[in-house]
Amino acid sequence: MRRNADVVIVGGGIIGASIAYHLTKKGVRDILVLERDRLGSGSTGKNAGGIRLQFSSEINVKLSQRSLPHIERFADEIGTDPHFHQVGYLFLITEDRDVDSFERSLAMWSRLGIPARKVSAAEAKGLFKHARTDDVRFGTFCAKDGYADPSSMLNGYVARAREAGVTFMEDAPVMAVVCTNGRVSGVRTKADEIGARTLVNAAGPWAAEVAKLASIELPVQPLRRHIFVTEPVPGLDEDFPLTIEFATGLYGHRESGGVLLGMADPNEKPAFDDSVNWDFMPTVVERALSRFPILERTSIKTGWAGLYEDTPDKHPILGKADGVEGFINAAGFSGHGVMHAPVTGELIAELIVDGRTSLDISALALSRFRTGQLVREHNVI
Ligand SMILES: Cc1cc2nc3c(=O)[nH]c(=O)nc-3n(C[C@H](O)[C@H](O)[C@H](O)COP(=O)(O)OP(=O)(O)OC[C@H]3O[C@@H](n4cnc5c(N)ncnc54)[C@H](O)[C@@H]3O)c2cc1C
C-alpha cells in the first residue's frame, strides 16, 4: 500500500506518543506513528516511572522544570490519571567524592528556583525512617519529585492523539528510510511504502539502527537495567520518598504494597539483551537490606530488565540531523525519557511546526559529539 503522511514518527513509546499528541495541539493531523511491535513494548513498559528535578546539568533541570507542570496537570489535560505520587526524591550522599558536586548542584538548583534542599542525616531519617543513615554525609530532598505510571501516561497520549486523527500502526517496523536529494521523502515498512517529508526518530534504544537507515550515525547504545519488586512489607505502611543511595545507584520506591528496587550493574555492556540476569539479584538484595533493613521482613516477588538508551554524555539527542533534511531525532534519554516526554513532545512539535523551540536545546544537538561539546551530568548512574 502506498500512502502519504505529513509526519512519520518511528517508535510507539512515550516519546513518540507525546510528540504525536503535541503535534495535534499545533494543528498537525496527518501523522503516522509506526511501531515495530506493540505500543509501549520498549523501555516505556519496563521502567521505574521516576520524575525528578534534581539533575546536575542545567539543561536536564530545565527539561524537568518544563515537564513537571504537564505531569501535575496530566489528568486534567489528558483525561488519564498518571498516578503521580509526588512524594519527593531523597538522595543520600555517603562518599566524600560526591560532596562537591552535590554542593554545586544545590547552588544551581537555588539559582534556577528548584525547591530542593540539603538535609542532615537526621532529617533524612525523618523523611524515611526505614532508611539507614548512620553513614550519610548529607542528603538532598525535593518534594516536587516523585514517580508516576508510564503506561497510563502513554495510554493517555495515545488516546488523545487518536481522537485528533493520528494513526498508530503496530507490527509496522520501519525497514528503510527513503531520501531524495538529501532530504527524507518516505519510509518503507514490511508491508507499506509511506511518503513523508518529516520523520521523527523516537525509537528509544533502537534509535541508532533507525538513524543508520538514513546513513546517520547516532551514538545511542542499549544498556540493560534491572528492576526487582518485593512482596508487601509488614510495617511499611506510610508513603516515603523515592530514596537513592547515590554511591551505588540503589533506589527504591513504593510499589503495590512492596518496594520497587533498581540498581545499575557496573559490569553491564551495551547489548540488545533484556533477559533477566538473576545472578545480579543477590547484589541488589544485599545493598537493599543494608540500606533499608526493614526489607528483611519480605522477599522478592518479581523482576524484569529493560534497556536504557545510553549516550556518551547521558543526555538526550534532540533536533534536526545535519545532512538529512527532514530527519529529526528525539532519542538517547539515558534512562530519563518518561520524565522528559512531555517537554520533548512540546519542543519537537514546535521545531516541526514553527522551525524553532521555546527552550534552547542547542546543547542537545547531535553535532556535539562531532565538536566535542558534551554536556556534563553527575547525577545519572
Ligand atoms: C529499568 C529502567 C528504569 C527506568 N527508569 C526510569 C525512570 O525512573 N524515569 C524515567 O523518566 N525514565 C526511566 N527509564 C527510561 C525510560 O523508560 C525511557 O527513557 C523511555 O521509555 C524512552 O521512551 P521512548 O519512547 O523513547 O522509547 P521506547 O519506549 O523504547 O519506544 C521506542 C519504540 O520504538 C520501537 N522501534 C524500534 N525500532 C523500530 C523500527 N525500526 N520501526 C518501528 N518501531 C521501532 C520499539 O519497538 C519501541 O516500542 C528507565 C528505563 C529502564 C530500562
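Keep in mind that what you see is a predicted model, and the values were worked out from it rather than measured.

Structural notes on the packing of helix α1 (residues 14-25) against helix α6 (residues 150-163)
- It is the contact of α1 with α6, at a shortest axis distance of 8 Å, that shows an interaxial angle of 35 degrees. The handedness of the crossing between α1 and α6 comes out as left-handed. From α1, I14, A17, S18, A20, Y21, H22 and T24 reach across to α6, where they touch P150, M153, L154, Y157, V158, R160 and A161.
- Residues belonging to the contact of α1 with α6 are distributed by class as follows: 10 nonpolar, three polar and one charged.

Side note on α6
- Between its first and last C-alpha, α6 extends 20 Å over 14 residues, near the 20 Å set by a 1.5 Å rise per residue.
- Within the sequence span of α6, burial applies to P150, S152, M153, L154, G156, Y157, V158 and A161.
- Turning to α6, the residues buried within the fold contact α1, α2 (58-72), α3 (74-78), β9 (167-169) and α9 (341-354).
- At the exit of α6 stands G165, carrying a positive phi of roughly 110 degrees.

Let's talk about the site of the ligand
- Not every one of the 39 residues close to the ligand is listed here, only the nearest: E35, T44, G50, E309 and G337.
- In the model, an oxygen atom of the ligand is placed 3.2 Å from a nitrogen or oxygen of the N47 side chain.
- Computed on the free molecule, the ligand has an accessible area of 1000 Å², of which 97% lies beneath the protein chains in the complex.
- Contributions of two or more residues to the shell around the ligand are made by α1, β14 (221-230) and β18 (300-310).
- Among the elements that take part in the shell around the ligand, β18 stands out by supplying four residues, more than any other.
- A class-by-class count of the residues in the shell around the ligand yields 19 nonpolar, 15 polar and five charged.
- Residue-level mapping places the shell around the ligand at the junction of two domains, with at least three residues from each of domain 1 (2-47 + 151-220 + 313-371) and domain 2 (89-143 + 221-310).

Brief notes about the domain arrangement of the protein chain
- When its domains are assigned, the protein chain resolves into domain 1 (2-47 + 151-220 + 313-371) and domain 2 (89-143 + 221-310).
- For domain 1 and domain 2, the distance between their C-alpha centroids amounts to 31 Å.
- With 15 residues of domain 1 in contact, the opposing surface of domain 2 contributes 13 residues.
- Counting each side, the surface lost to burial between domain 1 and domain 2 is near 1200 Å², with a carbon and sulfur contribution of 53%.
- For domain 1, the biggest contributors to the area lost against domain 2 are K46, P205 and V220; these three give 40% of the whole.
- There are two salt bridges connecting domain 1 and domain 2.
- For the salt bridge of D310 with K314, the shortest nitrogen-to-oxygen distance reads 3.0 Å.
- Linking domain 1 with domain 2 are six residue pairs in polar contact (both at pLDDT 80 or more), by the criterion used here.

What to know about α9
- Across its 14 residues, α9 extends 19 Å between first and last C-alpha, which sits within 8% of the 20 Å expected from 1.5 Å per residue.
- Of all 14 residues making up α9, 10 are buried, and the element is well covered by its neighbours.
- The inward-facing, buried residues of α9 contact α1, α2, α6, β13 (198-201), β19 (317-320) and β20 (327-331).

A word on the layout of surface pockets
- Estimates place the volume of the second largest pocket at around 260 Å³.
- Taken together, 19 residues line the second largest pocket, and the ones lying closest to its centre are A148, D149, P150, H253 and E255.
- When residues of the lining of the second largest pocket are traced back to their parent elements, those giving at least two are α6 and β16 (250-255).
- Ranked by residue count, the leading element in the lining of the second largest pocket is β16, at three residues.
- Of the residues assigned to the lining of the second largest pocket, the class counts are six nonpolar, nine polar and four charged.

A short note on the side chain of S64
- Along the polypeptide, S64 turns up in helix α2.
- Residue S64 is classed as buried on the basis of its relative accessible area, which comes to 4%.
- At 2.8 Å, the side chain of S64 and the backbone oxygen of R52 are in polar contact.
- When residues no more than four places from it in sequence are discounted, the contact partners of S64 are R52, L53, F55, M339 and H340.

Regarding the environment of H336
- For H336, the position within the fold is in the loop between β20 and α9.
- It is 14 Å that separates the C-alpha atoms of H336 and G262, two residues lying 74 residues apart in sequence.
- Within polar-contact distance, the side chain of H336 engages the backbone oxygen of S334 at 2.9 Å.

Points about the sheet that holds β16
- In space, the eight strands of this open sheet follow the order β6-β7-β5-β15-β16-β17-β14-β18, with mixed pairing throughout. In the strand order of this sheet, the two ends are held by β6 (116-119) and β18, each with one partner. Direction aside, neighbouring strands of the sheet carry axes that sit 20 degrees apart on average.
- Examined bridge by bridge, β6 and strand β7 (residues 138-142) share four bridges and lie antiparallel to one another. Counterpart to A116 in the pairing with β7 is C142.
- Contacts from helix α4 (residues 99-112) reach β5 (89-93), β6 and β7, with the element oriented near 30 degrees to β7.

Parameters at a glance
Residues numbered from 1 in each chain as written. Predicted model: local features only at pLDDT ≥ 70, side-chain atom pairs only at ≥ 80, totals over all residues. Heavy atoms only, no water. Axes fitted to C-alpha atoms, helices over the stretch in contact; angles between N-to-C directions. Helix = DSSP H or I, 4+ residues; strand = E, 2+ residues; numbered from the N terminus. Left-handed = near helix turned anticlockwise from the far one by under 90°. Contact = heavy atoms within 4.5 Å. Nonpolar A, V, L, I, M, F, W, Y, C, P; charged D, E, K, R; others polar. Expected span 1.5 Å × (residues − 1). Buried < 20%, exposed > 50% of the residue type's maximum accessible area, 1.4 Å probe, protein only. Near = heavy atom within 4 Å. Polar contact = N/O pair within 3.5 Å; in protein donor to acceptor, adjacent residues only side chain to side chain. Areas by Shrake-Rupley, 256 points an atom, 1.4 Å probe, with all protein chains shown as cover. Domains from an automatic or database assignment. Buried area = accessible area lost by both parts, 1.4 Å probe. Salt bridge = Lys/Arg side-chain N within 4 Å of Asp/Glu carboxyl O. 1 Å grid on protein atoms, 1.4 Å probe; cavity = no way out; pocket = protein on both sides within 12 Å on 5 of 7 lines; lining within 4 Å. Points joined across faces, edges and corners; volume = space filled by probe spheres on them. Pairing = 2+ DSSP bridges.

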